[in-house]
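One-letter residues, chain by chain:
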Amino acid sequence: YRAHHMEPPPESTDVDFSEVFAGDKIAFNTQKLNYCQVFVAIISGCVAGVLGLTGLLGFVAFFVTSLLLSGALYLKVSCEPAPYFKQGSDLWFEGVMQAMLSYIFFWTLFYDIVHVY
C-alpha cells in the first residue's frame, strides 16, 4: 500500500498573465471603437459634403479622419492596444467598412443639400 500525497507547489511559480484576456471587456472595447468610428465618419461625412468634396478627395478625407481617430486612440492606450483588443491591429481596422458606409451616406446627403438644392 502506497500513500498518495501531493507534491508541494514549486516555491516560485512563473505565471505569465500577459496573455490573459477578459472576453466581455474586449467585446465592450470593440463595440465602443465601432461607435467612435461611425460617429467620426458621420461628422466627417457631413463636413465633406458641406465643403463640396467629390471623387477621390472625399475618400481621402474619410481615411484621414479614420487614421486620426485610430492614432488618437493608439496614444490613449499608451501605444499598447493588445490588452484592450483581440489583436493590436483591431484598433486600426475594426469597423472601418461600417464607418465608410455611414460616411458615404452623410457625405452624399449633405453634398446634395448644400450644393444641389
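Preceding block: the structure.
Draft legend 1. How the structure looks around the overall build of the protein chain. Within the protein chain, the secondary structure is distributed over four helices and zero strands. When the helices and strands of the protein chain are placed in sequence order, the string is α-α-α-α. The proportion of buried residues among the 117 residues of the protein chain is 26%. Long-range contacts, defined here as pairs at least 24 residues apart, represent 82% of the contacts in the protein chain between residues at least 6 apart. Accessible surface computed for the protein chain: about 8700 Å², of which carbon and sulfur atoms make up 67%.

Draft legend 2. Highlighting the layout of surface pockets. Empty space within the largest pocket amounts to approximately 220 Å³. For the largest pocket, the full set of lining residues is Asn29, Lys32, Leu33, Cys36, Leu73, Lys76, Val77, Tyr84, Phe85 and Leu91. Put simply, the parts of the chain that give the lining of the largest pocket at least two residues each are α1 (23-51) and α2 (56-76). Element by element, the count of residues in the lining of the largest pocket is highest for α1, at four residues.

Draft legend 3. Geometry of α1. Its 29 residues place the ends of α1 42 Å apart at the C-alpha level, agreeing with the 42 Å of an ideal helix rising 1.5 Å per residue. Its buried side turned inward, α1 meets α2, α3 (90-93) and α4 (96-116). The positive-phi residue at the C-terminal boundary of α1 is Gly52, with phi of around 80°.

Draft legend 4. Summary view of the environment of Leu101. The residue Leu101 is located in helix α4 in this model. Considered as a pair, Leu101 and Gly45 are 56 residues apart in the sequence and their alpha carbons are 10.0 Å apart.

Draft legend 5. Seen up close, the packing of α2 against α4. Here α2 crosses α4 at 135°, and the two axes come no closer than 11 Å. On the basis of their axis angle, the class for α2 and α4 is oblique. Where α2 crosses over α4, the two elements pack in a sense that is right-handed. Only Val96, Ala99, Met100, Tyr103, Ile104 and Trp107 of α4 make contact with α2, whose side of the interface consists of Gly58, Phe59, Ala61, Phe62, Phe63 and Ser66. Residues belonging to the contact of α2 with α4 are distributed by class as follows: ten nonpolar, two polar and no charged.

Draft legend 6. Quick look at α4. Look at α4: 28 Å from first C-alpha to last across 21 residues, which is about the 30 Å you get at 1.5 Å a residue. By the burial criterion, the buried members of α4 are Val96, Ala99, Met100, Ser102, Tyr103 and Trp107. In an axial view of α4, the angular spread of the buried residues amounts to 160°, which keeps them on one side of the axis. Relative to its buried face, α4 has exposed residues pointing more than 90 degrees away, namely Met97, Leu101 and Val116. On its buried side, α4 packs onto α1, α2 and α3.

Each value, and the rule that gives it
- Residues numbered from 1 in each chain as written.
- Predicted model: local features only at pLDDT ≥ 70, side-chain atom pairs only at ≥ 80, totals over all residues.
- Heavy atoms only, no water.
- Helix = DSSP H or I, 4+ residues; strand = E, 2+ residues; numbered from the N terminus.
- Buried < 20%, exposed > 50% of the residue type's maximum accessible area, 1.4 Å probe, protein only.
- Contact = heavy atoms within 4.5 Å.
- Areas by Shrake-Rupley, 256 points an atom, 1.4 Å probe, with all protein chains shown as cover.
- 1 Å grid on protein atoms, 1.4 Å probe; cavity = no way out; pocket = protein on both sides within 12 Å on 5 of 7 lines; lining within 4 Å.
- Points joined across faces, edges and corners; volume = space filled by probe spheres on them.
- Expected span 1.5 Å × (residues − 1).
- Axes fitted to C-alpha atoms, helices over the stretch in contact; angles between N-to-C directions.
- Parallel < 35°, antiparallel > 145°, perpendicular 65-115°, else oblique.
- Left-handed = near helix turned anticlockwise from the far one by under 90°.
- Nonpolar A, V, L, I, M, F, W, Y, C, P; charged D, E, K, R; others polar.
- Arc of directions from axis to C-beta.

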